[in-house]
Structure formats: C-alpha cells, structure tokens
Amino acid sequence: MLVNGIWQDKWQPVQKQDEQGRFLRQTSSFRERISAEQVNCMAVSTEPLYTLYVAYICPWATRTLIARSLLGLEEYIAVKWVEPALTDYGWKLADGANDIATYMHELYTQTDSEFSGRATVPVIWDNHKGQIINNESADILDILNTDLESLKQHKLDLKPTELSEEISWFNERIYHSFNNGVYRAGFATSQQAYCEAYEDVFETLEWLEERFSKRVYAVGKHITESDIRLFVTLVRFDLAYYGLFKTNKKRISDYPNISAYLNRLLSIPAFSMNTRVDHIKQGYYSIKQLNPNGIVPEGPELSWFKYLGERK
Ligand SMILES: N[C@@H](CCC(=O)N[C@@H](CS)C(=O)NCC(=O)O)C(=O)O
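Cut-offs used in this document
Within each chain, residue numbers correspond to sequence positions counted from 1 in written order. Owing to the predicted nature of the model, reporting of local features is limited to residues with pLDDT of at least 70; listing and counting of side-chain atom pairs is limited to 80 or more, with chain, interface and lining totals taken over all residues. Each side-chain value is derived from all of the structure's non-hydrogen atoms; neither hydrogens nor water enter the calculation. Numbering goes from the N terminus for both helices and strands, where a helix is a DSSP run of H or I of at least four residues and a strand is a run of E of at least two. Computation of the radius of gyration draws on C-alpha atoms alone. For the globule rule, the value is 2.2 Å times the number of residues to the power 0.38. Accessible area is worked out with a 1.4 Å probe on protein chains only. A residue is then buried under 20% of its type maximum, exposed over 50%, and partly exposed in between. In this description, contact between two residues means that some pair of their heavy atoms is separated by no more than 4.5 Å. Put simply, two rings from Phe, Tyr or Trp (the six-membered ring, in Trp's case) pair if the centres are within 6.5 Å, and we call them stacked under 30 degrees between planes, edge-to-face over 60, tilted for the rest. When DSSP finds at least two bridges between two strands, those strands are taken to pair. Convention used here: a crossover is right-handed provided that the path from the first strand, over the helix, to the second strand proceeds clockwise when the strands point away from the viewer. In what follows, salt bridge is the name for a side-chain nitrogen of Lys or Arg lying within 4 Å of a carboxyl oxygen of Asp or Glu. We call a residue near a given molecule or strand whenever any one of its heavy atoms falls within 4 Å of it. Here a polar contact means two N or O atoms within 3.5 Å. Within protein one must be a hydrogen donor candidate and the other an acceptor candidate, and residues neighboring in sequence count only if both atoms are side-chain atoms. Per-residue accessibility takes into account occlusion by the displayed protein chains alone, with areas from the Shrake-Rupley method and a 1.4 Å probe. Here the nonpolar core consists of buried residues drawn from Ala, Val, Leu, Ile, Met, Phe, Trp, Tyr and Cys, with membership extended through side-chain atoms lying within 4.5 Å. Each domain span listed reflects an automatic or database assignment of domains. One less than the residue count of a helix, multiplied by 1.5 Å, gives the span that helix is expected to have.

Engineer: Give me the overall build of the protein: which residues, what numbers.
Structural biologist: The helix and strand tally for the protein stands at 11 helices and eight strands. Expected size for 312 residues packed as a compact globule is a radius of gyration near 20 Å; at 19 Å, the protein falls within 12% of this value. With respect to the three principal axes, the spread of C-alpha positions in the protein is 50 × 50 × 40 Å. Burial status across the protein gives 53% buried among its 312 residues. A separation of at least 24 residues holds for 72% of the contacts in the protein among residues at least 6 apart in sequence.

Shown next, in the form of structure tokens:
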C-alpha cells in the first residue's frame, strides 16, 4: 500500500482487522462524477476520454465491466486490465495496458502525490487530465447508468426510479452478508470472526434459493444493478471462495434455483464475456497469506463453463 505517496515494500495483501480479527474494508477516496459538459465532449470525441482500470479477478471491478457492456458504452470508455496475481508492488498492469504506468499504485500517486491507502481496482481514469476520477465501484455503476445516460447504446436502466428503493434494499441485504461476507470469512483471523461470516453467507444463500424459486431476476422483472452485484460473487464462489475462503458448507452448484439463475445470466454475453476463470483462480490463489505455496487448483469443472467459449 501507499503511505504519503511512497510504496511500502513490507506490503501484504492483508486487510485491516478489528480487535476480534474481523476483516474491515477500506473506504474509497476518489469520488468525482462525470459532468454533463464532459458527456457532451465524450459524444463527439473520436477516442474514449476515460479508461476503466480493472482486474478480472476482482468482483467490484467486474461489476463495472458488466455494466459497461450491458449498457453499450464500450466506444466511450476504454478498458485496461491488470495481471491476475497481486505482486509485491500491488496490481501490475497487463501487457498493452502499461503505457502510462507499470503498477496501479502509480495511477494513485499521479493523481495525488501524497496518497495514503491501498491502490485498489476498479478506477475510472480521465485520459486527458491523467487522473483518477473515481475508485468506488458503486459510484462507477451509477456514473455509467446515470451520468452517461445519453451515450448508452442499449436503452436499459439499471436502477429505474420505481424500483430504486427495492434495489437499494436488496443490495444492502447481500453486501455485508454475501458480497463482503465471503471476504469476511476468508480474511478472518479468529475462529469466531470466520464462523460469524460463514453463517451469514449460508443464511443468505438459503434466502436466495427460496427467492429464486419464484423469480427470474433479483428485483423486478428485468435485469438491474442488483443482478450485477449478486452475479459477481456467485460466479466466483465454486471457483475460489468455497476452497480458499473456507465457505464450504455447500457449492452454488448444490442450489438448483440459484444455479439456474446463474446460468440465465451467463447466457447473456455481457456477463459471460467479462468472466475469466483463469484470472479468478490464479488471482485468488496467489494471495500468499491464504495460500503460501501459490498452488492453483486444477478444478473444479463446472457446467456453466459452456457459456464462456474460448475466453475461459
Ligand atoms: N470499494 C472498492 C473496493 C475495491 C477492492 O477492494 N478491490 C480489491 C480487489 S477485489 C483491490 O484492488 N485490492 C488491492 C489491495 O487491497 O491492495 C470498490 O468497490 O470499488
């Protein structure tokens, strides 16, 4: 991580803990939006004015990738990605993405030379100013859906006003217990903290299994932001969380209704084309604290790989 703009070489991919060994996620620091005036410039520009920097391993970054594809914003927002495994210098930009920096943390210090904190993905980068404008995936979802409304090539609203309350409720219901719940289990450093998280994860999965006995999508009758938020955790579960994070009471494949829902989403290109099994496995299993020898499991073989084609 960075302290006053200087990379700390004693860095470990371990997150903050409370005194009971519970994992605490850092809050995001760059929270700007894209103004109407900037949107007008984007509409007439011959090249993308913004770039999303992502990791395919990262569920938060993948939220933004799926939204960009679903909304048809590809020509306005470029994408650059990092290599799947975290290095001693944090995320390393992949070949072809490293024209302005070698590591993600350089984007943070190019924006704020005194930055202190973790150099996380996703970020949305202003190509002209050479600065991060936002590094919070929830904001970026909103930027793509709302600020860039007039640029969408697919007329889809990920948070329609009439469903907005239910979407926020659903998002809240799954965030602590499931999206972040798997991380709370994986990074817990006490049995108690792990057990609390494990209980939350499986209580939520039972609730979802029941919910999807009657529903096609998470909220309402169409795809919304809630489907994106749920999908990114579901799709990583059997590949990484079940083994590495010890959330191993059941696999997603053991829940028929949730599996059917996952398959339904994966049959949509915006979901399948932003799912990289190789990055997910290599990335999670490179976390030295949890897997010191770095061995990446060969399995599992999952029936939904059929949706991924060559991209697996
Ligand atoms: N609040 C952020 C969280 C992003 C986040 O935690 N990203 C992880 C990858 S999944 C990361 O970049 N970690 C690097 C680090 O912690 O140093 C968001 O949702 O955008």
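Let us keep going from here.
Engineer: Could you give an account of the side chain of Thr224, naming the residues involved and the relevant values?
Structural biologist: With respect to the helices, strands and loops of the structure, Thr224 is situated in the loop between α7 (191–211) and α8 (225–244). Other than its neighbours up to four places away in sequence, Thr224 contacts Leu158, Pro160, Leu163, Ile167 and Val219.

Engineer: Can you tell me about the packing of aromatic side chains, naming the residues and giving the values?
Structural biologist: For the coordinates displayed, the defined rule picks out 27 aromatic pairs. Plain terms: the ring middles of Tyr89 and Tyr103 are 5.3 Å apart, the flat faces sit at 40° to each other, and that makes the pair tilted. Placement of the pair is Tyr89 in the loop between β6 (77–81) and α3 (104–111) and Tyr103 in the loop between β6 and α3, with a sequence separation of 14 residues. Judged by relative accessible area, which is 17%, Tyr103 ranks as buried.

Engineer: Explain the pairing of β6 to me, and be specific about the residues and the numbers.
Structural biologist: Each regular strand displays side chains that alternate between the two surfaces of the sheet. Alignment of strand β5 (residues 50–54) against β6, held across five bridges, turns out to be parallel. Its bridge partner lying in β6, Tyr53 is registered against Lys80. At this point the chain moves from β5, through helix α2 (residues 59–71), to the parallel β6, and the crossover so formed is right-handed.

Engineer: Requested: an account of the pattern of salt bridges, with residues and values cited.
Structural biologist: Any two side chains of opposite charge can pair if their charged atoms end up close together. Here the structure, examined in full by the defined rule, presents 16 salt bridges. When the shortest N-O distance is used, the salt bridge between Arg33 and Asp142 registers 3.3 Å. One end of the pair, Arg33, is in the loop between β4 (23–24) and α1 (36–44); the other, Asp142, is in helix α4 (residues 137–147), and 109 residues separate them in sequence. The exposure class of Asp142 is partly exposed, given its relative accessible area of 27%. Between Asp99 and Lys80 there is a salt bridge, with its nearest N and O atoms 3.0 Å apart. With Asp99 in the loop between β6 and α3 and Lys80 in strand β6, this residue pair connects regions lying 19 residues apart in the sequence. Here the salt bridges do not stand alone but share partners, grouping Arg33, Asp142 and Asp147 into one network.

Engineer: An account of the site of the ligand is needed here, citing residue identities and associated values.
Structural biologist: Neighbouring the ligand are 16 residues; Arg25, Cys58, Arg118, Glu136 and Ser137 lie closest to it. Take Trp91: an N or O atom from its side chain is 2.9 Å from an oxygen atom of the ligand. Between the ligand and the protein, one listed contact pairs an oxygen atom with a side-chain N or O atom of Ser137 at 2.7 Å. In isolation the ligand offers 520 Å² of accessible surface; the protein chains occlude 91% of this area.

Engineer: Account for the nonpolar core, naming residues and giving values.
Structural biologist: Side chains of nonpolar character tend, in soluble globular proteins, to be buried together. Within the largest apolar cluster, 103 residues are counted, with the highest numbers of intra-cluster contacts made by Met104, Leu205, Tyr284 and Trp304. Of all the elements, α8 adds the most residues to this core, at 11 residues. Of the residues that make up this core, three or more belong to each of domain 1 (2–151) and domain 2 (161–311). Each residue touching Leu205, except ones within four places of it in the same chain, is listed here: Phe178, Leu234, Phe237, Ile252, Tyr255 and Ile258.

Engineer: Any details on α2? Residues and values, ideally.
Structural biologist: If you check α2, its first and last C-alpha atoms are 18 Å apart, about what 13 residues at 1.5 Å a residue would give, namely 18 Å. Most of α2 sits out of view: 13 of its 13 residues are buried. Downstream of α2 by one or two residues, Gly72 has phi in the positive range, about 70°.

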